[in-house]
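Each chain is listed here by its residues.
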Amino acid sequence: MLILITYDISFEDPQGPVRLRRIAKLCQDYGVRVQFSVFECDISPDQWVKLKIGLLDVFNPAVDSLRFYYLGSKWRGKVEHYGARPAVDVFRSTLII
């Protein structure tokens with residue numbers, strides 16, 4: 001299933017940059033950054049539970065914001081991309097790391 005994760009982390013407290021890096025790292029472990037604070041994660045339900053728990057443990061609900069958009073398994077017809085940074089379908093492509 002494809003989940004779009006967006007976040008806004010406050011820098012008004014000294015731990016904001018630390019939380020931002022931790023949130024980004026968690027998202028990078030499961031998905032692809034499509035904008036600065038936006039990730040597309042094509043993951044299994046088990047992986048999603050683990051990722052969501054990790055994200056909710058890191059963010060500060062008093063000053064930060066997390067949003068999850070559930071696009072499901074038939075997401076390809078629901079996503080359009082235009083503009084800079086051409087979209088790469090990493091879920092259909094071969095990745096060499």
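In the annotation of an unreviewed UniProt entry, the entry for the protein reads CRISPR-associated endoribonuclease Cas2, and the organism field reads Ottowia cancrivicina. Taken verbatim from the UniProt record of the protein, the Subunit (unreviewed entry) comment is "Homodimer, forms a heterotetramer with a Cas1 homodimer."

Under the definition given, this model contains three salt bridges. Ionic pairing is found between Asp29 and Lys25, a salt bridge with its closest N-O pair at 2.6 Å. Of this pair, Asp29 and Lys25 both sit in helix H1 (residues 16-30), four residues apart, which is roughly one turn of that helix. You can call Asp29 partly exposed: its relative accessible area is 47%. For Lys25, a relative accessible area of 47% translates into the label partly exposed.

Along the polypeptide, Arg19 turns up in helix H1. For Arg19, the side chain forms a polar contact with the side chain of Asp64, separated by 2.6 Å.

A few words on the UniProt feature "binding site: Mg(2+)" (unreviewed entry) in the protein. UniProt records the feature "binding site: Mg(2+)" (unreviewed entry) for Asp8 in the present numbering. Within the secondary structure, Asp8 sits in strand S1 (residues 2-8). Overall, the relative accessible area of 55% leaves Asp8 in the exposed class. Once residues within four sequence positions are removed from consideration, Asp8 is found in contact with Asp64 and Ser65.

Another aspect to go through is the nonpolar core. Nonpolar side chains in soluble globular proteins tend to be buried together. Counting 18 residues, the largest nonpolar core has Ile5, Tyr7, Ile23, Leu51 and Leu55 as the members making the most contacts within it. Apart from residues lying up to four places away in sequence, Ile23 is in contact with Tyr7, Ile9, Leu55, Val58, Phe59 and Leu66.

Cut-offs and rules
- Residues numbered from 1 in each chain as written.
- Predicted model: local features only at pLDDT ≥ 70, side-chain atom pairs only at ≥ 80, totals over all residues.
- Heavy atoms only, no water.
- UniProt positions renumbered as here; feature names shortened; annotations may be inferred.
- Salt bridge = Lys/Arg side-chain N within 4 Å of Asp/Glu carboxyl O.
- Helix = DSSP H or I, 4+ residues; strand = E, 2+ residues; numbered from the N terminus.
- Buried < 20%, exposed > 50% of the residue type's maximum accessible area, 1.4 Å probe, protein only.
- Polar contact = N/O pair within 3.5 Å; in protein donor to acceptor, adjacent residues only side chain to side chain.
- Contact = heavy atoms within 4.5 Å.
- Core = buried A, V, L, I, M, F, W, Y, C linked by side-chain atoms within 4.5 Å.

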